[in-house]
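The lines below spell out each chain.
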Amino acid sequence: MLKLVFIFFYISLLSTLTFSFFDLPWWLDNLSNVILIWIALLFIAAPFLLLTFKRYALLLLMPTFVLTIYHLLPIFHSKAITDTRVKLKSYRFIQANLSYYNNNLGDFFTASNNIASDFIFLFEYNVQKREQLKRFANGKHMYGYEEIQGFPLGIAVVSNYPIVYSRLHKSNSKSAEILELKFFDKKINKIIHSFLLHPPSPRTQINWEIRNDLFNKLNTLIEKNSSEHTLIAGDINVSPWSFNFPKPEKFTPCYLGNQYFSSWQFEKNFPKAVITSLIDHCFYNSGFSLINYRHIPVNGSDHQALVYQLQLVQK
C-alpha cells in the first residue's frame, strides 16, 4: 500500500513538469510558476524511488531528467550568434518592483545612483512619495510624477533622455493597461521605444484571466506599433514555465542564458523562503543586443531588481 501511495505521489509531482505544455485551469497554471519546488522534490524522492523499485525506477527517472533539462537549460544556455551589425550605443537599465509600502526607497535610490543607469523603470511606486521621486530624478526626465499622470499601475520612469511620446493603452479593467513610451537620443537621432506593464497577480481566476488578456493585448500592440529599437519591461506575474508566458514575435527574453532562477520570493524566512519564482522580465527586439544582465536585492521589497545593458544596433 505504501508503495502505491509513493508511486502516486511521484507521478503527481512528475506531472507538474508537463504543465507548461498545456492551457490549464488557473490554479494548475499557477503551480507551474513554482516549478523549482517540484523539481527539488522529485530529486529528493529519487533515491527512495530507486531503493523501492530498483531498476524499474528508471522508467520514471528518465522523464524526470529529460523534463528538468528541458525547463532549466534555457537559463544556462542561450544561442551564440555572431553579430555583424553596426553597434551604435549601449544603455543601462534598472527595473524594479519597489512595493507600494516600501519605507526604504532611499536605499534603492542610492544603489541606483551608484549604477549610473540611463533608464529606470519602477513598478508599485506609491503616489504619496511623489516628491521623493522628483528629488531622486534631480532634473532628469520623468513619467508618472505629474498629477495628470498619477503613476498609472504604480509605474514611474526616470530617464536621461526626453520622453517624446507617451500613451496609456487602457482596457475595461484598470489593472490591465500598458504604458507606451518613446525616448529620443538626440546625439544619434534614434528613438528607444518601450512598453511597460504590471498585470495583477493571478491569485484568483478573474485576475488570471485579466493577466492573460493583457498579454494578448501586448502582442497586438507589438505587431502594430513596435519600432526598430523596442523593449518590453514589467513585473508580469508569470514565469517562463507557464503556458501563458508571453512570447512576442521577434523579441528575446533577457533571462535566457543568464543563470537566474527567480526574481520574487514569498518571504525571507524558511520555509516560506523556498517559494520563489521568476516573474520580472524584460524583452528586446532585433534592434538591440544584450550585453549583460543581473539581479540585485531591493530592501523592503519581495522582488529583486533587474539590471541590464542593451546595445543599440542596426544592419
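As the structure is a computational prediction, the values presented were derived from the model and not from experiment.

Caption draft 1: Structural view of the sheet that holds strand E8 (residues 230–235). Spatially, the 6 strands line up as an open sheet ordered E5-E6-E7-E8-E12-E9, and their pairing is mixed. Here the strands that pair on one side only, and so sit at the sheet edges, are strand E5 (163–169) and strand E9 (251–253). Going across the sheet, the axis of each strand differs from the next one's by a mean of 20°, ignoring polarity. Bridge analysis of strand E7 (residues 190–197) against E8 gives 5 bridges, and the strand direction is parallel. Paired with serine 194 across the bridge in E8 is leucine 231. Relative to the sheet, helix H7 (residues 205–225) contacts E5, strand E6 (178–185), E7, E8 and E9, its axis offset from that of E7 by approximately 165°.

Caption draft 2: Broad picture of the nonpolar core. Counting 64 residues, the largest nonpolar core has Phe121, Leu196 and Tyr308 as the members making the most contacts within it. For this core, the leading source of residues is helix H3 (residues 35–53), giving 7 residues. Leucine 196 has contacts with Phe121, Phe123, Ile155, Val157, Glu177, Ile178, Leu179, Leu181 and Ala233, leaving out every residue within four places of it along the chain. With 20 residues, the next largest nonpolar core counts Ile94, Ile115, Leu133 and Phe136 among its residues.

Caption draft 3: Broad picture of the sheet that holds strand E13 (residues 288–297). If you trace the 6 strands from one edge of the open sheet to the other, you get E3-E4-E2-E1-E14-E13, paired in mixed fashion. Taken across any chain shown, the strands that pair with only one partner, and hence form the sheet edges, are strand E3 (141–143) and E13. Neighbour-to-neighbour, the strand axes of this sheet turn through a mean angle of 15°, independent of strand direction. Pairing of strand E1 (residues 86–97) with strand E2 (residues 119–123) involves 5 bridges; the strand directions are parallel. What sits directly across from asparagine 97, in E2, is phenylalanine 123. In the packing of helix H5 (residues 105–115) onto the sheet, the strands contacted are E1, E2, E13 and strand E14 (304–314), and the crossing angle to E1 comes to about 170°. The sheet strands contacting helix H6 (residues 130–137) are E2, E3 and strand E4 (156–159), and the helix crosses E4 at an angle near 15°.

Caption draft 4: Main features of the layout of surface pockets. Here the largest pocket is characterised by a volume of approximately 1,100 Å³. What lines the largest pocket is a set of 38 residues, and nearest its centre among them are Ser78, Thr252, Pro253, Leu256 and Tyr284. Of all the secondary-structure elements, those providing two or more residues to the lining of the largest pocket are helix H4 (58–76), E9, strand E12 (280–285) and E13. The biggest single contributor to the lining of the largest pocket is H4, with 4 residues. Of the residues that constitute the lining of the largest pocket, the class distribution is 20 nonpolar, 13 polar and 5 charged. Counted as a void, the second largest pocket has a volume near 790 Å³. In terms of lining residues, the second largest pocket is bounded by 32 residues, among which Pro200, Ser201, Pro202, Arg203 and Asn237 are the most central.

Caption draft 5: Region of interest: the pattern of salt bridges. Under the defined criterion, the tally for this structure stands at 5 salt bridges. The residue arginine 130 makes a salt bridge to glutamate 131 at a minimum N-O spacing of 3.6 Å. Among the salt bridges present, the one from lysine 190 reaches glutamate 228, with a minimum N-O distance of 3.8 Å. Taken as a pair, lysine 190 in strand E7 and glutamate 228 in the loop between H7 and E8 lie far apart in primary sequence, 38 residues in all.

Thresholds applied
Residues numbered from 1 in each chain as written. Predicted model: local features only at pLDDT ≥ 70, side-chain atom pairs only at ≥ 80, totals over all residues. Heavy atoms only, no water. Pairing = 2+ DSSP bridges. Helix = DSSP H or I, 4+ residues; strand = E, 2+ residues; numbered from the N terminus. Axes fitted to C-alpha atoms, helices over the stretch in contact; angles between N-to-C directions. Contact = heavy atoms within 4.5 Å. Core = buried A, V, L, I, M, F, W, Y, C linked by side-chain atoms within 4.5 Å. Buried < 20%, exposed > 50% of the residue type's maximum accessible area, 1.4 Å probe, protein only. 1 Å grid on protein atoms, 1.4 Å probe; cavity = no way out; pocket = protein on both sides within 12 Å on 5 of 7 lines; lining within 4 Å. Points joined across faces, edges and corners; volume = space filled by probe spheres on them. Nonpolar A, V, L, I, M, F, W, Y, C, P; charged D, E, K, R; others polar. Salt bridge = Lys/Arg side-chain N within 4 Å of Asp/Glu carboxyl O.

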